[in-house]
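# Tertiary structure, described
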Amino acid sequence: MITVSGLTKKYGDRTVVDDVSFTLEPGTVTGFLGPNGAGKTTTMRMMTGLVAPTAGAAVVGGRPYAQLPNPGAVVGTLLDASAVHPGRTGRTHLRLLAQTIGVPAGRVDEVLGLVGLTDAAHRRIGGYSLGMRQRLGIAGALLAEPPVLLFDEPVNGLDPEGIRWMRDLLRAHAARGGTVLLSSHLLGEVEHTVDRLLVIGNGRIVADAPVAELLGAEGTAVRALDPAAFARALEEAGFHVQHGTQGVLLVPGTDPSQVGAVAAAGGHVLVELRPQQRALEDLFFSLTTAA
Amino acid sequence: MTAAPLIDQPLPQEDIPMTETRTMHRPPATTYPGVRASAASLPALVGIEIGKSLSTRSGRSLAAAAVVLPSVAMGLAALSGDPFPSATGPIGAVGTFAALLLMALGVLSTAGEWTHRTVQTTFLLVPQRGRVLTAKAVALVLTGGVLAAVATAASAGVLALTFSGDPSWEGALFAMGTVAGSGAAFAVVGAGVGAALGNAPAALTGLYLTVLGVIPVAGVFQPEVVSWGDLSNSVLLLAQGQEETKAAVVIAGWVLVSTVAGALVTRRRQVA
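Residues numbered from 1 in each chain as written. Chains lettered and ligands numbered in written order. Predicted model: local features only at pLDDT ≥ 70, side-chain atom pairs only at ≥ 80, totals over all residues.

As recorded in an unreviewed UniProt entry, chain A goes by the name Efflux ABC transporter, ATP-binding protein, listed as coming from uncultured Blastococcus sp. The Sequence similarities (unreviewed entry) field of the UniProt record for chain A holds the comment "Belongs to the ABC transporter superfamily." (UniProt positions renumbered as here; feature names shortened; annotations may be inferred.)

Structure, rendered in structure tokens:
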């Protein structure tokens, strides 16, 4: 389990990460969402000891990352796929990592196969595409099959097939009891992968909840022949009514049958009745711009 | 072997509040069979650092140049036909050349990691930055020393075979030892300056400009003062058995100052 408490990073007067706290549980994939520059990467760098926090702490299984005996065997980290020496071959790069972590040499070819880089392993990384570097970074993070995976924007440069592969990989890891933190600035990339969303905007956590709960703010959209009268009827029935565009009434926290029942009881003519799902992107924007 | 001991070893209760969720999800994912639970030993890290230096084309090219070019220089000196009274002079001169090339190997070992940002992975896997720097220093002492020793032995061989004037070989072994030691020292100086600047082009340009440009020029005006900072001339003097103590102090001073500067900056620098 990873516990982050009160992590704060200031550069001069500028607060990049502001009192960020959360917990990552084994068996879950947590999405770390926020626009570019919201503080995701800085938070992850503080969690792994690369950047010293101004305040707060992060512990992995009760210890700060830097005090783990062999951190590469516990946490597989992918922060910046381009942080590789372009002059080494993919295989040499992974061999050096495997020696440092203390992974049997045969594992290098295994992870190369896993990420689909076997044929490119003998080539210099300088000639790799962004997607190939991303796969190489993932291969490095998976060398020890560590229980915790921290991936910062891992789907950058991956093709749709690669994105699906990554989703399956992370879901399988969580299913085995692993802990995953997956950052992204694009909700669509992670919404089908994660169990829980951690939304960050301007350095602050603005939402931390299971995906279903965050999307639970649903309701019913309804259009009546006489909107004003039907709105009154709904309010008299105890529902909160919001006025949408083109005469649409929005009734949060209801399902269409409840709204339909009010219409039937009052003899109101409806021209449209449908469940309203709060768009993930809308939620994302409302949370991060409010911050 | 599983990951459980790595991540869930018994900890003082005050460190980690027991929560319901913590006990719910057991056991966690397991690590790959045979993965080492402890940190890499220092000798292992030294081996990895040597591997890093020699696994790039730039590193291999520098190593090859440091071994071969001094002999080529010796051969060219022989062609010029100038007589040398003592072997220590040419051995020291081409040895300084080898050491200057090895300085670049040192720069790439530290500054190269910042320039290519591989330092991120290095510190993720070994967060104790002092251990990484120590491993790099030992790796460079070994690589620099061995490569300079091979270079000086080869160039002494060329000297013996090609020079017609039959120079005196007295003190030649000491000169060759000086070259080997200087190879190690220069590589460490390069690593220290590289770590302090964190930028390979800046460190290379700055070092060579200082050692080969600024110091010799300044020495024209203030020879006595500047001689205390003249790294390359100190190797020449030491190899020829002149002002040995002063020369050794100058070389050791460069090693000390650059290493301390590199270590201090590396401890504080953020990997962003």
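Before going further, it helps to examine the overall build of chain B. In terms of regular secondary structure, chain B is built from 12 helices and 0 strands. Along the chain direction, N to C, the helices and strands of chain B fall in the order α-α-α-α-α-α-α-α-α-α-α-α. Among the 272 residues that make up chain B, the fraction classed as buried is 47%. Considering only residue pairs separated by 6 or more positions, chain B has 84% of its internal contacts joining residues 24 or more positions apart. (Helix = DSSP H or I, 4+ residues; strand = E, 2+ residues; numbered from the N terminus. Buried ≥ 20, exposed ≤ 12 C-beta atoms within 10 Å, placed from the backbone. Contact = placed C-beta atoms within 7 Å.)

So, about the nonpolar core. Core analysis: the largest hydrophobic core is formed by 148 residues, its most contacted members being Leu102(B) and Ala148(B). Setting aside anything within four residues of it in sequence, one finds Leu102(B) in contact with Ala66(B), Gly144(B), Leu147(B), Ala148(B), Gly183(B), Phe186(B) and Ala187(B). With 9 residues, the next largest nonpolar core counts Val222(A), Ala224(A), Val241(A) and Val262(A) among its residues. (Core = buried A, V, L, I, M, F, W, Y, C linked by C-beta atoms within 7 Å.)

Picture the strands of a sheet paired through backbone hydrogen bonds; they go either parallel or antiparallel. All names here are of chain A. Taken in spatial order, the 4 strands line up as β12-β13-β11-β14 in an open sheet, and their pairing is antiparallel. The two strands at the open ends of the sheet, each matched to only one other strand, are β12 (242-243) and β14 (270-276). In the sheet, β12 pairs with strand β13 (residues 249-252) via 2 bridges, with the strands oriented antiparallel. Following the sheet pairing, Gln-242 is matched in β13 by Leu-250. Packed on one face of the sheet, helix α9 (residues 227-236) meets β11 (219-224) and β13 and runs near 15° to β13. Where helix α10 (residues 256-266) meets the sheet, its contacts fall on β11, β13 and β14, and the angle it forms with β14 comes to roughly 155°. (Pairing = 2+ DSSP bridges. Axes fitted to C-alpha atoms, helices over the stretch in contact; angles between N-to-C directions.)

This brings us to the interface of chain A and chain B. Each partner contributes residues to the interface: chain A has 47 residues there, and chain B has 42 residues. Sorting the residues of the side of chain A that touches chain B by element identifies α2 (71-74) and α3 (90-101) of chain A as the ones contributing at least two each. It is α3(A) that provides the largest number of residues to the side of chain A that touches chain B, a total of 6 residues. Classifying every residue of the side of chain A that touches chain B gives 23 nonpolar, 17 polar and 7 charged. (Nonpolar A, V, L, I, M, F, W, Y, C, P; charged D, E, K, R; others polar.)

On to the packing of helix α5 (residues 88-115) of chain B against helix α8 (residues 172-197) of chain B. In a pair of packed helices, the angle between the axes and the distance between the axes together describe the arrangement. Residue and element names in this part refer to chain B. Close contact between α5 and α8 brings their axes to 6 Å; oriented N to C, the two are set at 25°. If you check the angle between α5 and α8, you find them roughly parallel. Crossing of α5 over α8 shows right-handed handedness. Split into classes, the residues belonging to the contact of α5 with α8 amount to 22 nonpolar, 11 polar and no charged. (Parallel < 35°, antiparallel > 145°, perpendicular 65-115°, else oblique. Left-handed = near helix turned anticlockwise from the far one by under 90°.)

The next thing to look at is the pairing of β11(A). Of the pairings in the sheet, the one linking β11(A) to β13(A) comprises 4 bridges and is antiparallel in character. Note that in β13(A) the partner of Val222(A) across the bridge is Leu249(A).

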